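Close look at the chain arrangement
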Amino acid sequence: MAHSSESRAPGFWPLALVFALFVLFMYGPMFVIFVLSFQGPEGGLTFPMRGASLHWFRQLAEGLGTVDIGAAFLRSLMLGGVVMLFTVLLSVLAGLAFRKKLSGGNALFYVTVASLIMPSIIVSLGIGLQFRLLDGGLKWLLEAVGATTTLEEYGTALGLFTSALGAHLTWTLPFGLLIMFAVFNRFNPAYEEAARDLGATPWQTFRHVVLPLIGPSVVGIGMFGFTLSWDEIARTSQAIGDVNTLPLELQGLTSTVTTPAIYALGTVTTVVSFAVIGVTVGLAMLLGRRQKQGRAG
């Protein structure tokens, strides 16, 4: 038997070395942060480690100065969940709509995807400006109609589920659309035709035929929506108003916190991201297995 090394191309090992260095460059800093977050009370921001404990995670749970990490965590979690739902819903509906020839469909597609090439900070500034103009218009209207009590209580339309939600959707929705377009581009309409021939209504056809077939892709879109929203900073910075998400708080803490507590926070946020990815992969595998069982049956 010939040695496996004899069948390798001459450029295999140099390319393998480049790939290994790339992986180390990508994931090395993350693992360093993981390790340093488990230091003892005397730990610092660099090696060598000084002990091993959960001290900095306990300090993180108690709070970091005036920053309410728990509230920021919940805000990011809720915003990510809502962004995920809207991304999935709008992407699936758009994918179904674009299966037919739409008047102005190409222009609509390019306008939607164009947000991917726009600088994120410009998108954030634009959305923030729009909502500030909306605030000015609403205050002028309230003053014009004499609603002084409402005017005094009115703050701003900028918020987690208004301007920040819109800013995040400009980032997540194009990815969802591109995935759904690719899925429906190779979708066999014969399955739907067979269901209709058997008397199924359009809703029954979608629920029992189309949705199970595109289920793994829908789950993937949900993962994209949540993870992209979870760590978004630039598009959130100018469009969220007077509250902060966890990434914004983390960005601010990098200049004030000089203990491994900042590493503990990074570890927690990364674990959440990996948990979402793990759940998504598990659901996709489960749906894929059910598809194969259905076809075999």
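Please refer to the structure placed before this passage.
Remarks on the overall build of the protein
- In terms of helices and strands, the protein carries 12 helices and 0 strands.
- Against the compact-globule benchmark of 19 Å for 297 residues, the protein has a radius of gyration of 25 Å, which places it well outside the compact range.
- With respect to the three principal axes, the spread of C-alpha positions in the protein is 85 × 70 × 35 Å.
- For the protein, contacts bridging at least 24 residues in sequence account for 73% of all contacts bridging at least 6.
- About 17,800 Å² of surface is accessible on the protein, with carbon and sulfur atoms providing 68% of the total.
- With 17 positive and 15 negative side-chain charges, the protein shows a spacing of 15 Å between the two charge centroids.

Section: the packing of helix α8 (residues 190–197) against helix α9 (residues 202–230)
- Interhelical geometry of α8 versus α9 gives an angle of 160 degrees and a closest axis separation of 10 Å. Comparing their axes, α9 and α8 come out roughly antiparallel. Where α8 crosses over α9, the handedness of that crossing is right-handed. Here Y191, E192, A195 and R196 of α8 lie close against α9, whose contacting residues are T205, V209, V210 and L213.
- Residue composition of the contact of α8 with α9, grouped by class: 5 nonpolar, 1 polar and 2 charged.

Observations concerning the nonpolar core
- In terms of nonpolar packing, the biggest core is built from 21 residues, with L60, L64, I69, L246, L253 and L265 touching the most fellow members.
- For this core, the secondary structure elements donating two or more residues are α2 (55–62), α3 (69–97), α9, α11 (246–253) and α12 (261–296).
- Residue contacts for L246: discarding those within four places in its chain leaves I69, A72, F73, S76, W230, L265 and T269.
- In terms of nonpolar packing, the next biggest core, distinct from the first, is built from 11 residues, V88, M180, V210 and I214 among them.

Details of the packing of aromatic side chains
- One pass over the full model with this rule turns up 12 aromatic pairs.
- Between F98 and F181, the ring centres sit 5.0 Å apart and the planes meet at 55 degrees, which makes this aromatic pair tilted. Of this pair, F98 sits in the loop between α3 and α4 (105–113) while F181 sits in helix α7 (residues 163–185), and the two are 83 residues apart along the sequence.
- Among the residues examined, F98 registers a relative accessible area of 27% and is labelled partly exposed.
- Residues F184 and F187 carry aromatic rings whose centres are separated by 5.9 Å and whose planes lie at 65 degrees to one another, so their mutual orientation is edge-to-face. When sorted by exposure, F184 lands in the same class as F187, which is buried.

Quick look at the pattern of salt bridges
- Summed over all chains, the structure comprises 1 salt bridge.
- Notably, a salt bridge pairs R99 with E192, separated by 2.7 Å at the nearest N-O pair. Of this pair, R99 sits in the loop between α3 and α4 while E192 sits in helix α8; the two residues are 93 residues apart in sequence, bridging distant segments of the chain.
- What makes E192 buried here is its relative accessible area of 11%.

Some thoughts on a nonpolar patch on the surface
- Side chains of F19, F22, V23, F25, M26, Y27 and F31 sit close together on the surface and give an oily, nonpolar patch of about 780 Å² of accessible area.
- Turning to its location among the elements, F19 is positioned in helix α1 (residues 12–36).

The rules behind these values
Residues numbered from 1 in each chain as written. Predicted model: local features only at pLDDT ≥ 70, side-chain atom pairs only at ≥ 80, totals over all residues. Heavy atoms only, no water. Helix = DSSP H or I, 4+ residues; strand = E, 2+ residues; numbered from the N terminus. Rg over C-alpha atoms; globule rule 2.2 N^0.38 Å. Contact = heavy atoms within 4.5 Å. Areas by Shrake-Rupley, 256 points an atom, 1.4 Å probe, with all protein chains shown as cover. Lys, Arg positive; Asp, Glu negative; His and termini not counted. Charge placed at Lys NZ, Arg CZ, Asp CG, Glu CD. Axes fitted to C-alpha atoms, helices over the stretch in contact; angles between N-to-C directions. Parallel < 35°, antiparallel > 145°, perpendicular 65-115°, else oblique. Left-handed = near helix turned anticlockwise from the far one by under 90°. Nonpolar A, V, L, I, M, F, W, Y, C, P; charged D, E, K, R; others polar. Core = buried A, V, L, I, M, F, W, Y, C linked by side-chain atoms within 4.5 Å. Buried < 20%, exposed > 50% of the residue type's maximum accessible area, 1.4 Å probe, protein only. Phe/Tyr/Trp six-rings, centres within 6.5 Å; stacked < 30°, edge-to-face > 60°. Salt bridge = Lys/Arg side-chain N within 4 Å of Asp/Glu carboxyl O. Patch = residues over 30% accessible without salt bridge, like charges linked within 9 Å, V, L, I, M, F, W, Y side chains within 5 Å.

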